[in-house]
Amino acid sequence: MTQLRIGMIGYKFMGKAHSNAYRSLPMFFPKALQPQMSVICGRNAEALANAANQLGWSESVTDWKELIARDDIDLIDINAPSNAHKEIALAAVKAGKHIFCEKPLALTLADSREMLQAAEDAGVAHMVGFNYRFSPAVRLAKKLVESGRLGKIYHFRAWFLQDWILDPEFPLVWRLQKEVAGSGSHGDLGAHLIDLAHFLVGDMKEVIGMSETFIKERPLAAEMTGLSAKGSKDGPRGEVTVDDATLFLARFATGAMGSFEATRFAAGHRSTNSFEINGSLGSVKFDFERMNELEVYLTSDEEDVQGFRRVLATDPVHEYAEAWWPPGHTIGFEHTFIHEMLELSTAIAEGRQPEPNFHDGVKCQAVLEAVERSVDERRWVSLAEM
Ligand SMILES: NC(=O)c1ccc[n+]([C@@H]2O[C@H](COP(=O)([O-])OP(=O)(O)OC[C@H]3O[C@@H](n4cnc5c(N)ncnc54)[C@H](O)[C@@H]3O)[C@@H](O)[C@H]2O)c1
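If you're wondering where the values come from, they're calculated on a predicted model, not measured in any experiment.

*Asks:* Any chance you could explain unusual backbone geometry here in plain terms?
*Replies:* For residues other than glycine, phi is negative in most cases, and the peptide bonds are mostly trans. With an omega of -15 degrees, the peptide bond between Lys103 and Pro104 qualifies as cis. That bond from Glu355 to Pro356 is cis: its omega, 0 degrees, falls within 30 degrees of zero. Turning to its location among the elements, Pro356 is positioned in the loop between helix H9 (333–350) and helix H10 (358–377).

*Asks:* What exactly am I supposed to notice about the packing of helix H4 (residues 85–94) against helix H5 (residues 109–122) here?
*Replies:* Each pair of packed helices can be described by the angle between their axes along with the distance between the axes. Put simply, H4 and H5 touch, their axes get as near as 9 Å, and they point 10 degrees apart. Here H5 runs roughly parallel to H4, going by the angle between their axes. Facing H4, whose interface residues are His85, Lys86, Ala89, Leu90 and Val93, H5 presents Asp111, Glu114, Met115, Ala118, Ala119 and Ala122.

*Asks:* What's the story with the packing of aromatic side chains in this structure? I'm lost.
*Replies:* What describes a pair of aromatic rings is the distance from one ring centre to the other and the angle between the planes of the rings. This structure, assessed with the given rule, holds 21 aromatic pairs. An angle of 55 degrees between the planes, with centres 5.1 Å apart, marks the rings of Phe214 and Phe265 as tilted. With Phe214 in the loop between strand S8 (204–212) and strand S9 (217–219) and Phe265 in the loop between strand S14 (257–263) and strand S15 (272–279), this residue pair connects regions lying 51 residues apart in the sequence. The class of Phe265 is buried, set by a relative accessible area of 18%. Over the ring of Trp380 we find Arg251; its NZ or CZ atom is 5.9 Å from the centre of that ring.

*Asks:* Please explain the sheet that holds strand S17 (residues 293–298) as it appears in this structure.
*Replies:* Pairing between the strands of a sheet is mediated by backbone hydrogen bonds and can be parallel or antiparallel. Pairing is mixed in the open sheet, where 9 strands are placed in the order S18-S17-S16-S15-S7-S14-S13-S8-S19. The sheet is open, and its two edges are formed by strand S18 (309–312) and strand S19 (381–382), each paired on a single side.

Each value, and the rule that gives it
- Residues numbered from 1 in each chain as written.
- Predicted model: local features only at pLDDT ≥ 70, side-chain atom pairs only at ≥ 80, totals over all residues.
- Heavy atoms only, no water.
- Helix = DSSP H or I, 4+ residues; strand = E, 2+ residues; numbered from the N terminus.
- Axes fitted to C-alpha atoms, helices over the stretch in contact; angles between N-to-C directions.
- Parallel < 35°, antiparallel > 145°, perpendicular 65-115°, else oblique.
- Contact = heavy atoms within 4.5 Å.
- Phe/Tyr/Trp six-rings, centres within 6.5 Å; stacked < 30°, edge-to-face > 60°.
- Buried < 20%, exposed > 50% of the residue type's maximum accessible area, 1.4 Å probe, protein only.
- Lys NZ or Arg CZ within 6 Å of the ring centre and 35° of its normal.
- Pairing = 2+ DSSP bridges.

So, in structure tokens, the structure goes:
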């Protein structure tokens, strides 16, 4: 295989991020198996044709089944809302296509397990879109944990705060409908934190959570894309069926303690995605708004200069940084997707599973659902129950 022929479904927020990644890969990672932007799929023919042109796809089709039936496509990339993931993924792997699916993998744990099983049975490569793993500063945090430089890990503390639905008149977009999104801030934002926790600290043993929907009804949305929408204040309204905020505590298998907060009601926080890890020999702090940096504290420093130091993860010693600019020249959100697609194409070329893959998607879904059960039943829920 010399090229990976991509068929991509969905062309708005994530569709654009993925298209940019496929376009940039050859320029910055020329040795990788190169993606060919073959066919893009969406439902509205006119908007789709414009998107194909703007994003750089060779062809477009309005029916994803037609896309999957083609024998000149190697990989299906799913960027549709979460309720569409399962049906498309099952059909794609049955047709022998490799698969990339945005997070959360599915609406339920049972569905995500079915997707994993089908992909494994088909023997295809499967990947899930936890892109924050691909920030060089997160890779540095991982290196410090794995090498033992932070010692025994006691705490993982994470929060993902947004405020885009603070206005009670903001329309009822698909992200606020359980049958489309699965859950609200929990599955959208919390899912990323859970994956980072799994990546950096390991499996969780038990969880207990609390959840709230502050605004119970909103105007129906006339138009929507990503995190923006239009609707009329005086028009019909509908019920919000997901959480606006979900918080939970976790105990990790290692004995470490975790706390997680995901909300869309943190005024002033556009997209604050942060974590801290505290170990017996030091700590790290990460804030995605300053994604090029990791704050590091090591107890081994001389006592009179102990303190958090700001490490800029842009030097070639940091994973992925070498391909970019000279040290100190920073990268952004879009680069996480380029690194993600690099991992995907490299794994396919090497005949191994990319990471994170559907196993990670299922593990995340198990925690999401355990927290929901804990909220419903007002008790600690063991992951062994799931
Ligand atoms: N990794 C991340 O950081 C991240 C960020 C945002 C969204 N997401 C995930 O990506 C997915 C898409 O989110 P988004 O923000 O890009 O949504 P969006 O609303 O911006 O775009 C959704 C796209 O899917 C298309 N679509 C919907 N149903 C379809 C169907 N049946 N057939 C073909 N196309 C269909 C729409 O036309 C649109 O192009 C969701 O699962 C979401 O959770 C991940």
